[in-house]
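Below are the chains, spelled out letter by letter.
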Amino acid sequence: MKKKYLLFCLILVSCTVAAQKYQPNWASLNTRKIPEWFGQDKFGIFIHWGLYAVPAYAPVIPNSGESYSEWYWYRLAEKNKNFMPFHDKNYGTGFEYPRFEPMFKAELFDPAQWADVFKASGARYVVLTSKHHEGYCLWNSAEANRSWGRSWNAVTGTPGRDLLGDLTSAVKAAGLKMGYYYSLYEWYNPVWLKDRKRYVTEHMLPQLKDLVNKYKPSLIFADGEWDLPDTAWHSPELLAWLFNDSPVAKDVVVNDRWGSNTREHNTGATYTTSEYGGGMDASRVWEESQGIGHSYGYNRNEKLTDYKTERELILMLVDIVSRGGNLLLDIGPTADGRIPVIMQQRLTAIGNWLKVNGDAIYGTRAYTRPVQWSKGTVPGKSGKSYMAGYSAAALVTPKKDTAHIELFFTRKGRDLYCMLPDYQSKLLIKDLNVPANTTAVLLANNKEVKVKNAGKDCWVDLSGFKPGELPGELLVVKLKNVL
């Protein structure tokens, strides 16, 4: 009898395990849900690095994809008037893009120094372009060399180094999670141009599995999916393998770019991407990605005024997190392997703010309202997830007859965080009554401040601090046990 009972239990456990297998269809995949770490970490660093770092050029056109320097090869192929004069003058008429490969040397690449910069920024995860649409791989990909009929990766090519592997080791040693951007298609891959089915089965699928098996990413940011539907990419089958049998099955996070029909769908299995967009709200898991300037890849044509200021970047992070999203902030390294100093400075500034105020960001959830508006007409918000022209910094600036954002909110448990774009001696929090003896703390100095109800609102008194004692903007007040 005891043996029968044990056999029954074994069968039951086996059936349960089998039932937990995800099937290669979205109905099944969407039951998995996004691993919790992604919603807790909030802030990541994106890195666009490839052969496009050699010319490192694009016109500076705000709110336009033509500002992307990583699309340099494509712009040459279409003979774009904003690229051709620069290319012909500096490299010569007829100079073909693959000839940039010997110039991509990465001789100053120091992965430990990069990881230190990322750690200091306060980011919790890193996403590197394993390859962009040009197809050039930053690791030793046999598929790349075979399909292109030439050395088309950083190990067998000019750098002579596993750039992806070395950075992965350094990032993980710094205690951060490592992920990879991966373009499903490649503009001018000979196999892609001749036979797309062969490209998918003989190049893309084995190459992506090789990347996962060798380097075990915590995140995969797919892209370049728009020419084919998910079935042609075999995306459901690939994700079923990823969630069931890959070495990262338990913790890997993936975005929504797996076919021409998948963006902003499948919100169980994937998170939604917004790219220089207006972002989403807390009803879904989402991430906004932007460069510090107008490009993802390094653009030598950008001036200081083309880069977002420290304040603009911190406001962007605060705004996105208040709406329940993540920020994936991009940097573009140089061809010789350096993170431009201005980018290092901007990342360090964000990190310094997070050292003091990170409690209002990490591990938080969206409050019932993300912001508090002043009196006036609330401006409309673009729902576009690409090139929306949206700016949190513009929305906090007071304007005549138009409402501006006075506060951003996040919550953690029963605690409410109020983030002030600018200092106010008397802070009014509308439509909030707090319990008697409520304690409010200013994160900038960890000192308690007075709180009292007034009708249906709440007042926080910040007037007791001397000039110069506090930073003038982006203060955070934490109200304990008020929710």
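Note that the structure is predicted; figures quoted are calculated from it, not measured.

Calculation rules
Residues numbered from 1 in each chain as written. Predicted model: local features only at pLDDT ≥ 70, side-chain atom pairs only at ≥ 80, totals over all residues. Heavy atoms only, no water. Salt bridge = Lys/Arg side-chain N within 4 Å of Asp/Glu carboxyl O. Helix = DSSP H or I, 4+ residues; strand = E, 2+ residues; numbered from the N terminus. Core = buried A, V, L, I, M, F, W, Y, C linked by side-chain atoms within 4.5 Å. Buried < 20%, exposed > 50% of the residue type's maximum accessible area, 1.4 Å probe, protein only. Contact = heavy atoms within 4.5 Å. Pairing = 2+ DSSP bridges. Axes fitted to C-alpha atoms, helices over the stretch in contact; angles between N-to-C directions. Parallel < 35°, antiparallel > 145°, perpendicular 65-115°, else oblique. Left-handed = near helix turned anticlockwise from the far one by under 90°. Nonpolar A, V, L, I, M, F, W, Y, C, P; charged D, E, K, R; others polar. Phe/Tyr/Trp six-rings, centres within 6.5 Å; stacked < 30°, edge-to-face > 60°. Disulfide = S-S within 2.5 Å. Polar contact = N/O pair within 3.5 Å; in protein donor to acceptor, adjacent residues only side chain to side chain.

(A) Layout of the pattern of salt bridges. Throughout the structure, instances matching the rule amount to 22 salt bridges. Residues Arg-198 and Glu-202 are paired through a salt bridge, measuring 3.2 Å at the closest nitrogen-oxygen approach. Taken as a pair, Arg-198 and Glu-202 lie in helix H10 (residues 196-215) at a separation of four residues, close to a single helical turn. Through salt bridges with shared partners, a single network forms among Asp-223, Glu-225, Arg-257, Arg-263 and Glu-275.

(B) Here's a closer look at the nonpolar core. Counting residues in each nonpolar core, the largest one holds 133 residues, and the members touching the most others are Ile-47, Trp-49, Phe-118 and Leu-242. With near-sequence residues (within four places) excluded, Trp-49 lies in contact with Phe-104, Ala-106, Phe-109, Trp-114, Thr-129, Leu-138, Leu-163, Pro-333, Thr-334, Ala-335 and Gly-337. Counting 22 residues, the second-largest nonpolar core is a separate cluster that includes Leu-416, Ile-429, Val-434 and Phe-465.

(C) Examining the environment of Pro-370 more closely. Its place among the elements puts Pro-370 in the loop between helix H14 (341-357) and strand E9 (371-373). Leave out the neighbours within four places in its chain, and Pro-370 touches Ser-322, Arg-323, Leu-407, Phe-408 and Phe-409.

(D) Representation of the sheet that holds E9. Strand order in this open sheet of eight strands is E9-E10-E11-E16-E13-E14-E15-E12, and the pairing throughout is antiparallel. Of all the strands in the sheet, the pair left with one neighbour each is E9 and strand E12 (426-429). Ignoring strand direction, the axes of neighbouring strands in this sheet form an average angle of 25 degrees. Sheet analysis places strand E10 (residues 405-412) next to strand E11 (residues 415-420), joined by five bridges and oriented antiparallel. Note on E11: the bridge partner recorded for Phe-409 is Cys-418. Strand contacts of helix H13 (residues 310-322): E9, E10 and E11, with the helix running at about 55 degrees to E10, the strand carrying the most contacts.

(E) How the structure looks around the environment of Ile-61. Within the secondary structure, Ile-61 is located in the loop between strand E1 (43-47) and helix H4 (72-77). Discounting chain neighbours no more than four positions away, the residues touching Ile-61 are Glu-66, Ser-67 and Asn-82.

(F) Spatial organisation of the packing of helix H6 (residues 111-121) against helix H8 (residues 163-173). Relative to each other, H6 and H8 sit at 45 degrees, their axes nearing to 8 Å. What the angle tells us is that H6 and H8 run oblique. Crossing handedness for the pair H6 and H8: right-handed. Between H6 and H8, the residues in contact are Pro-111, Ala-112, Trp-114, Ala-115 and Phe-118 and Asp-166, Leu-167, Ala-170 and Val-171, respectively. Classifying every residue of the contact of H6 with H8 by side-chain character gives eight nonpolar, no polar and one charged.

(G) Main features of the sheet that holds strand E5 (residues 253-255). If you walk around this closed barrel you meet the eight strands as E1-E2-E3-E4-E5-E6-E7-E8, and the pairing is parallel. Across the sheet, the mean angle from the axis of one strand to that of its neighbour is 25 degrees, orientation sign disregarded. Pairing analysis gives five bridges linking strand E7 (residues 286-291) to strand E8 (residues 326-331), with the strands arranged parallel. Within E8, the residue paired with Glu-287 across the bridge is Asn-326. Against the sheet, H10 contacts strand E2 (125-131), strand E3 (177-183) and strand E4 (219-223), and its axis sits at roughly 170 degrees relative to E3.

(H) Structural view of the pairing of E1. The buried fraction of E1 is high, at five of five residues. Neither face of E1 is left uncovered, since the one carrying Phe-43, Ile-45 and Ile-47 and the one carrying Gly-44 and Phe-46 both have all their residues buried. Looking at chain direction, E1 and E8 are connected through five bridges and run parallel. Bridge pairing in E8 links Ile-45 to Leu-329. As judged from the four bridges shared by E1 and E2, these two strands associate in the parallel manner. Within E2, the position partnered with Gly-44 by the bridge is Tyr-125.

(I) Main features of the packing of aromatic side chains. Per the stated rule, a full pass over the model turns up 44 aromatic pairs. Ring plane angle 70 degrees and centroid distance 5.1 Å describe the contact between Tyr-68 and Tyr-296, whose orientation is recorded as edge-to-face. On the criterion of sequence distance, the pair formed by Tyr-68 in the loop between E1 and H4 and Tyr-296 in the loop between E7 and H13 is long-range, its members being 228 residues apart. We classify Tyr-296 as buried; its relative accessible area is 4%. Taken together, a centroid distance of 4.8 Å and an interplanar angle of 75 degrees make the contact between Phe-109 and Trp-114 edge-to-face.

(J) Fine view of the state of the cysteines. Tallied over the entire structure, the rule returns zero disulfides. Of the cysteine sulfurs around Cys-458, a residue in no disulfide, the closest is that of Cys-418, at 7.8 Å.

(K) Region of the structure containing the side chain of His-48. On the secondary structure map, His-48 appears in the loop between E1 and H4. Here Asp-330 takes part through its side chain, which lies 2.9 Å from a polar atom of the side chain of His-48.

(L) Broad picture of the packing of H6 against H14. H14 packs onto H6 with a crossing angle of 40 degrees between their chain directions and a minimal axis gap of 6 Å. By the criterion of interaxial angle, the relationship of H6 to H14 is oblique. Residues Gln-113, Val-117, Phe-118, Ala-120 and Ser-121 of H6 lie in contact with H14, whose contacting residues are Gln-344, Leu-347, Thr-348, Ile-350, Gly-351 and Leu-354. Across the contact of H6 with H14, the residue classes break down as six nonpolar, five polar and no charged.

(M) Representation of the environment of Pro-59. Tracing the chain through its elements places Pro-59 in the loop between E1 and H4. Between the C-alpha atom of Pro-59 and that of Asn-301, which follows or precedes it by 242 residues, the distance is 6.9 Å. Look past the residues within four positions of Pro-59 in its chain and what remains in contact with it is Glu-66, Ser-67, Asn-82, Phe-83, Asn-299 and Asn-301.

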